[in-house]
Amino acid sequence: MSVAPVDRIFHARRARGRYLPQDLFAEPAWDMLLDLLRCELRGRRLSTSDLCMAASVPGTTALRWIAAMVQRGLLIREPDRNDGRRVFITLAPDASAALRRYFAEVIEGSIK
């Protein structure tokens with residue numbers, strides 16, 4: 001799967017805030033899932049703090065969403081082996097597969 005369509009949606013979501021109040025579009029879980037998929041497709045990992053920034057909400061709100069998605073099995077926490085203070089967040093395999101299926105449908109235009 002190409003990262004291009006995920007990037008387009010990610011950046012289109014950010015662009016809305018240039019035209020309308022950003023707080024109308026607060027969907028931290030979706031923003032985090034998109035950013036994690038973008039990173040996965042590029043072979044990169046995100047730290048917890050980087051993922052919180054991607055959510056465009058206060059840090060405490062982002063952390064609650066991360067905890068909820070970990071509890072639901074959508075995300076995995078991976079301690080950084082080189083820095084005990086840092087934790088990486090990755091998509092769980094089922095979540096990654098679901099997002100990839102979603103984007104395949106979006107690209108094909110088969111979502112109704």
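As the structure is a computational prediction, the values presented were derived from the model and not from experiment.

Thresholds, definitions, all that
Residues numbered from 1 in each chain as written. Predicted model: local features only at pLDDT ≥ 70, side-chain atom pairs only at ≥ 80, totals over all residues. Heavy atoms only, no water. Helix = DSSP H or I, 4+ residues; strand = E, 2+ residues; numbered from the N terminus. Expected span 1.5 Å × (residues − 1). Buried < 20%, exposed > 50% of the residue type's maximum accessible area, 1.4 Å probe, protein only. Arc of directions from axis to C-beta. Contact = heavy atoms within 4.5 Å. Axes fitted to C-alpha atoms, helices over the stretch in contact; angles between N-to-C directions. Parallel < 35°, antiparallel > 145°, perpendicular 65-115°, else oblique. Nonpolar A, V, L, I, M, F, W, Y, C, P; charged D, E, K, R; others polar. Core = buried A, V, L, I, M, F, W, Y, C linked by side-chain atoms within 4.5 Å. Salt bridge = Lys/Arg side-chain N within 4 Å of Asp/Glu carboxyl O. Polar contact = N/O pair within 3.5 Å; in protein donor to acceptor, adjacent residues only side chain to side chain.

Visitor: Go over helix α4 (residues 59-71) with me, naming the residues and quoting the values.
Guide: Turn by turn, an α-helix covers 3.6 residues, leaving residues three or four places apart pointing in a common direction. Under the 1.5 Å per step criterion, the end-to-end length of α4 is 18 Å for 13 residues, consistent within 8% with the ideal 18 Å. Looking only at α4, the buried set comprises T61, A62, I66 and M69. Buried residues of α4, seen end-on, are gathered within an arc of 140° and therefore sit on one face of the element. The exposed residues of α4 that point more than 90 degrees off its buried face are T60, R64 and Q71. Looking at the buried side of α4, the elements it contacts are α2 (28-42), α3 (48-54), β2 (75-79) and β3 (87-91). Note on α4: the residue one or two positions beyond its end, G73, has a positive phi of about 85°.

Visitor: Mind laying out the packing of α2 against helix α5 (residues 93-108), listing which residues take part and the relevant values?
Guide: Geometry of a packed helix pair, given as the angle between the helix axes and the separation of the axes. One can describe the packing of α2 onto α5 by two numbers: an axis separation of 11 Å at closest approach and a directional angle of 90°. If you check the angle between α2 and α5, you find them roughly perpendicular. In contact with W30, L33, L34, L37, E40 and L41 of α2, α5 contributes S96, L99, R100, Y102 and F103. Classifying every residue of the contact of α2 with α5 gives eight nonpolar, one polar and two charged.

Visitor: I'd like a rundown of the nonpolar core, residues and numbers included.
Guide: Within soluble globular proteins, side chains that are nonpolar generally end up buried alongside one another. In this structure, L36, L51, I66, L75 and L91 are the most contacted members of the largest nonpolar core, which totals 23 residues. Where this core is concerned, the elements lending two or more residues are α1 (4-15), α2, α3, α4, β3 and α5. Sorting elements by how many residues they give to this core places α2 first, with seven residues.

Visitor: Account for the pattern of salt bridges, with residues named and values stated.
Guide: Scanning the model with the defined rule gives ten salt bridges in all. Its salt-bridge partner being R38, residue D7 comes within 2.5 Å of it at the nearest N-O pair. Highlighted residues: D7 in helix α1 and R38 in helix α2, separated in sequence by 31 residues. Relative accessible area serves as the criterion here: at 11%, R38 is assigned to the buried category. The closest approach of N and O atoms between R13 and D31, which form a salt bridge, is 2.7 Å. Of this pair, R13 sits in helix α1 while D31 sits in helix α2, and the two are 18 residues apart along the sequence.

Visitor: A description of the side chain of D80 should follow, citing residues and the corresponding values.
Guide: The topology assignment puts D80 in the loop between β2 and β3. The buried category is assigned to D80, whose relative accessible area is 7%. Among the polar contacts made by the side chain of D80, one reaches the main-chain amide nitrogen of D83 at a distance of 3.3 Å.

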